[in-house]
Amino acid sequence: MSLSAAGPGGPVQAAVRPVLALADDLSGAAETAVALRSPARILLGPVPAPVASVPGESLVLDLDSRQLPGAEAARAVRDATHAVPAGTVLFKKVDSLLRGNLAAEAAAYARDGRGVVIATALPAARRTVRGGVVHLDGVPLHETAAWRAEARPAPPSVAAALDDLPSAPVPLTDVRGAPGALRETLRACFAQGRHPVCDAETETDLDAIAAAALELGPGVRLLGTGGLAGALGRLLGTHGETGVSGETGASALAPGDVVRPLLIVVGTAEPSAREQVAHLLADGAHDVSLTTLDLLHSPRPLPPPVAAVTVVRVTGAADPSLARRLVAALADTVADAAHDCDLVLTGGETARRVLDVLRVTDLRPVGQIHHGAVLSRTPDGRSVVTRPGSYGEADSLRRIVRALRPAPVRHVPTDPTGVAP
């Protein structure tokens, strides 16, 4: 891949440089892979040793570390960055809401590098960083309900989320400064033993940050959201943005593709998911509701679906401490039904657990249906769409289904138990 894009000082040129990206969950890994705008492979499962990529191909590792204890998450990052080939651009994907083991993973990621450039804005989802504070639609993160499902309160700033990692703020005035000035600001932070935390509100801001980081040469690592991955893609990518339309009638199916049943597994606790599912049910999708009580105490395998589109969702409240156990039970419940289906999986933890029980260990990203809703292919040719639980408007799942299945959904009657005949 070649570096060719307009940075704050004009076009930037660099030699071909492979990218190794690390993510803490599968939906983030898929978002990163498609944002890099180059041939990519997503690896699930244990980190290979040593990490090696095919020339001209980005490699994205799903470390599956979002719910791990901090020490184990840090170890996974250290293992992945222990023996990286010279000249590789390192990118660490983090949650735009600062969830997960951010402090532990960032500290491990910073080891053995010259410094880490940090930019956690995600303009496409209206998430910005001003004064070192993440804002959602202009409201500071810690003043929103975005962390309602977490066991602890939201951090008041990016620096607070990084805990003991030495950091230094880089305000918008520096990000948008004269050509070369941002690069020197980042260099000065490293000289002081601090990692720059950059404000950003737009993709242009993120482009400037990524370009300045790359100009500093080997040993400088990047840490941020899919927004920063997108900036890397615009600088390093070998092709333009790829998209799959769910609105114009264009299909994600290629000529000759097998049309399988479409199984949608909604494992997110986000309230917006209820409205998204309601749109699908209005279109005729078959509904399978599983209670948290049944999943945790008396799960039973689902039969293979006979409907064109089936939605499996979880109802009822659950203690956040039981979330990982609940998702594992959900994956086991849908495993038999999912074997011969194309899949839509919402929530990174849900996606990873379902693919684990299906023994899928790598994915090839194809494109995005909307921001964060990434279409990939399994080695046996099935379609898998992953999407973070907190992403998407009310019509998100409808748009995904219309991209995968442009023909109208046929309603399949059910008996009182909710199983299609």
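Now for a quick tour of the structure. Every chain is numbered independently, its residues counted from 1 as its sequence is written. The model is predicted, so local features are restricted to residues of pLDDT at least 70 and side-chain atom pairs to those at 80 or more, both for listing and for counting; the totals for chains, interfaces and linings are taken over all residues. Side-chain metrics in this entry use all non-hydrogen atoms of the structure; hydrogen atoms and water are not considered.

With that settled, consider the nonpolar core. Think of a nonpolar core as a cluster: buried Ala, Val, Leu, Ile, Met, Phe, Trp, Tyr and Cys residues, connected wherever their side-chain atoms sit within 4.5 Å. With a 1.4 Å probe rolled over the protein chains alone, any residue whose accessible area is under 20% of its type maximum counts as buried; one over 50% counts as exposed, and the rest are partly exposed. Counting residues in hydrophobic clusters, the biggest one holds 106 residues, and the most contacted among them are I42, L61, L141, I209, L228, L343 and L355. When residues of this core are assigned to their parent elements, the largest contribution, eight residues, is made by helix α7 (residues 203-215). Residue contacts follow a heavy-atom distance rule, with two residues in contact if any of their heavy atoms lie within 4.5 Å. Setting aside chain neighbours within four positions, we find L228 in contact with F91, A119, L206, I209, A210, L222 and L223. If you look at the next biggest cluster of nonpolar residues, it comprises 19 residues, including V309, V344, V385 and L397. Working definition: helices are DSSP H or I runs of at least four residues, strands are E runs of at least two. Numbering for both runs from the N terminus.

Right, let's talk about the packing of helix α1 (residues 26-35) against helix α8 (residues 226-236) for a bit. The axes used here are C-alpha line fits, helices contributing only the stretch in contact, and every angle between their N-to-C directions lies in the interval 0 to 180 degrees. In contact at an axis separation of 8 Å, α1 and α8 are set at 20 degrees when each is read in the N-to-C sense. As the angle between them shows, α1 and α8 are arranged roughly parallel. Of the two elements, α1 crosses α8, and the hand of that crossing is right-handed. Residues E31, T32 and A35 of α1 touch α8, and the partners they reach there are G226, A229, G230 and G233. In terms of residue class, the contact of α1 with α8 is made up of two nonpolar, four polar and one charged. With respect to orientation, any angle under 35 degrees is reported as roughly parallel, any angle over 145 as roughly antiparallel, any angle of 65 to 115 as roughly perpendicular, and every other angle as oblique. Each crossing is labelled by how the near helix is turned from the far one, with a counterclockwise turn of less than a right angle marking it left-handed and a clockwise turn marking it right-handed. Only Asp, Glu, Lys and Arg are considered charged, only Ala, Val, Leu, Ile, Met, Phe, Trp, Tyr, Cys and Pro nonpolar, and every remaining residue, Gly among them, polar.

Below, the discussion takes up the packing of helix α9 (residues 272-282) against helix α13 (residues 396-404). Packed helix pairs are specified by the crossing angle of their axes together with the interaxial distance, meaning the distance between the axes. Where α9 contacts α13, the two axes come as close as 7 Å, and the packing angle between them is 45 degrees. By the angle between their directions, the pair α9 and α13 is classed as oblique. Here Q276, V277, H279, L280 and A282 of α9 come into contact with α13, specifically with S396, L397, R398 and V401. For the contact of α9 with α13, a count of residues per class yields five nonpolar, three polar and one charged.

Cysteine sulfur pairs qualify as disulfides if the two atoms are within 2.5 Å. According to the stated counting rule, one finds zero disulfides in the structure shown. Considering cysteine sulfurs only, C198 is the nearest to C189, which forms no disulfide, with 7.6 Å between them. With relative accessibility at 6%, the residue C189 sits in the buried group.

Residues of α9 that are buried: A273, Q276, V277 and L280. Taken end-on, α9 shows its buried residues confined to a sector of 95 degrees, consistent with a single buried face. Opposite the buried face of α9, at more than 90 degrees from it, the exposed residues are R274 and A282. Taken together, the buried residues of α9 touch β14 (262-266), β16 (309-315), β20 (383-387) and α13. Where α9 ends, the next residue or the one after it, G284, has phi of about 105 degrees, a positive value. Arc, as used here, means the arc of the directions from the helix axis to the C-beta atoms.

To continue, consider the packing of aromatic side chains. Each pair of aromatic rings taken from Phe, Tyr and Trp, with Trp reduced to its six-membered ring, is defined by centres within 6.5 Å and is described as stacked if the planes are under 30 degrees apart, edge-to-face if over 60, and tilted in the remaining cases. Within this structure, the stated rule accounts for zero aromatic pairs. Our definition puts a charge over a ring when NZ of Lys or CZ of Arg is within 6 Å of the ring centre and also within 35 degrees of the ring normal. The residue whose ring lies beneath R221 is Y109, and the NZ or CZ to ring-centre distance is 5.7 Å.

It is worth spelling out the pattern of salt bridges at this point. In what follows, salt bridge is the name for a side-chain nitrogen of Lys or Arg lying within 4 Å of a carboxyl oxygen of Asp or Glu. As enumerated under the stated definition, the model contains 30 salt bridges in all. For K93, the salt bridge goes to E31, with nearest N and O atoms at 4.0 Å. Separated by 62 residues along the polypeptide, K93 in strand β6 (residues 89-93) and E31 in helix α1 bring together distant segments of the chain. One exposure class covers both K93 and E31, and it is buried. The salt bridge partner of R353 is D64, with a shortest N-O separation of 2.6 Å. One end of the pair, R353, is in helix α12 (residues 348-357); the other, D64, is in the loop between β5 (58-62) and α2 (70-81), with 289 residues separating them in the sequence. Considered together, R353 and D64 belong to a single accessibility category, that of buried residues. Look at the salt bridges and you will find they share partners, linking D62, D64, R324, E349, R352, R353 and D356 into a network.

So, on to the environment of A213. Tracing the chain through its elements places A213 in helix α7. Residue classification places A213 among the buried residues on the basis of a relative accessible area of 3%. In this structure the C-alpha to C-alpha distance between A213 and L186, which are 27 residues apart in sequence, comes to 7.6 Å. Ignoring anything within four residues of it in the chain, the contact list for A213 reads V117, L186, V220 and L222.

Tracing the backbone shows N101 in the loop between β6 and α3 (102-110). Note on N101: relative accessible area 15%, which makes it buried. A polar contact of 2.8 Å, which involves the side chain of N101, links it to the backbone oxygen of L68. In contact with N101, other than residues within four places in its own chain, are S65, R66, L68, P69, G70 and A73. Think of a polar contact as two N or O atoms within 3.5 Å of one another; within protein, one of them needs to be a possible hydrogen donor and the other a possible acceptor, and neighboring residues in sequence only count if both atoms come from side chains.

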